[in-house]
Amino acid sequence: MINAELQSRYLRDPLPVRLGNLSSSLGRLARTIHDPSRRETADYMLDECKWFIEWTAGETDIEVAAQLVELQVTLAGWQRGLAGESRVPLDTAAAARLARESAEKVLQWSGLLD
């Protein structure tokens, strides 16, 4: 379920800040996804990242939007894997690595480092 308060707060920020927030959430996901004791947090972070992408992708250029949507599909797959709904077990170490790489890429797209 989408948190309306989170959505309202998130959408108040300009696009670069929103991308920075997505990057930060991906970083938190990378730190939690491989720890079984933090599965609930990882599941929430997956939802949050997917929401942030949904609320942001349409305002980015087409190349970035396409990569964000691809990331959103990947996150949904990880979520199914964590829930045991996938035939192939989730490689959480690989997922954490990709989440870190994605966080860096999204931060670059934000322009906040310029």
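Residues numbered from 1 in each chain as written. Predicted model: local features only at pLDDT ≥ 70, side-chain atom pairs only at ≥ 80, totals over all residues. Heavy atoms only, no water.

Undergrad: Sorry if this is basic, but what is going on with the overall build of the protein chain here?
TA: Helix and strand content of the protein chain: five helices and zero strands. Over its C-alpha atoms the protein chain spans a radius of gyration of 14 Å, differing by no more than 12% from the 13 Å that the globule rule assigns to 114 residues. Taken as a whole, the protein chain presents about 6600 Å² of accessible surface, with 51% of it coming from carbon and sulfur. When the 13 positive and 17 negative side-chain charges of the protein chain are each reduced to one mean point, those points stand 4 Å apart. (Helix = DSSP H or I, 4+ residues; strand = E, 2+ residues; numbered from the N terminus. Rg over C-alpha atoms; globule rule 2.2 N^0.38 Å. Areas by Shrake-Rupley, 256 points an atom, 1.4 Å probe, with all protein chains shown as cover. Lys, Arg positive; Asp, Glu negative; His and termini not counted. Charge placed at Lys NZ, Arg CZ, Asp CG, Glu CD.)

Undergrad: Any chance you could explain the pattern of salt bridges here in plain terms?
TA: Close approach of charged atoms allows side chains with opposite charge to pair. In this structure the tally under the stated criterion is three salt bridges. Its salt-bridge partner being Arg18, residue Glu59 comes within 2.9 Å of it at the nearest N-O pair. Residue Glu59 is located in the loop between helix H3 (39-56) and helix H4 (62-82), and its partner Arg18 is located in helix H2 (residues 15-32); the two are separated by 41 residues in the primary sequence. Using a relative accessible area of 46% as the deciding quantity, one classes Glu59 as partly exposed. Residue classification places Arg18 among the buried positions, given a relative accessible area of 4%. Note that Lys50 and Asp47 form a salt bridge whose closest N and O atoms lie 3.7 Å from each other. You can see Lys50 and its partner Asp47 sitting in helix H3, three residues apart, about one turn around the helix. (Salt bridge = Lys/Arg side-chain N within 4 Å of Asp/Glu carboxyl O. Buried < 20%, exposed > 50% of the residue type's maximum accessible area, 1.4 Å probe, protein only.)

Undergrad: Would you mind going over the side chain of Thr60 with me for this structure?
TA: With respect to the helices, strands and loops of the structure, Thr60 is situated in the loop between H3 and H4. Judged by its relative accessible area of 14%, Thr60 falls in the buried class. A distance of 2.8 Å separates a polar atom in the side chain of Thr60 from the backbone oxygen of Ala57. A polar atom in the side chain of Thr60 sits 3.2 Å from the backbone nitrogen of Ala65. Those residues in contact with Thr60 that sit more than four places away from it in its chain are Leu15, Ala65 and Leu68. (Polar contact = N/O pair within 3.5 Å; in protein donor to acceptor, adjacent residues only side chain to side chain. Contact = heavy atoms within 4.5 Å.)

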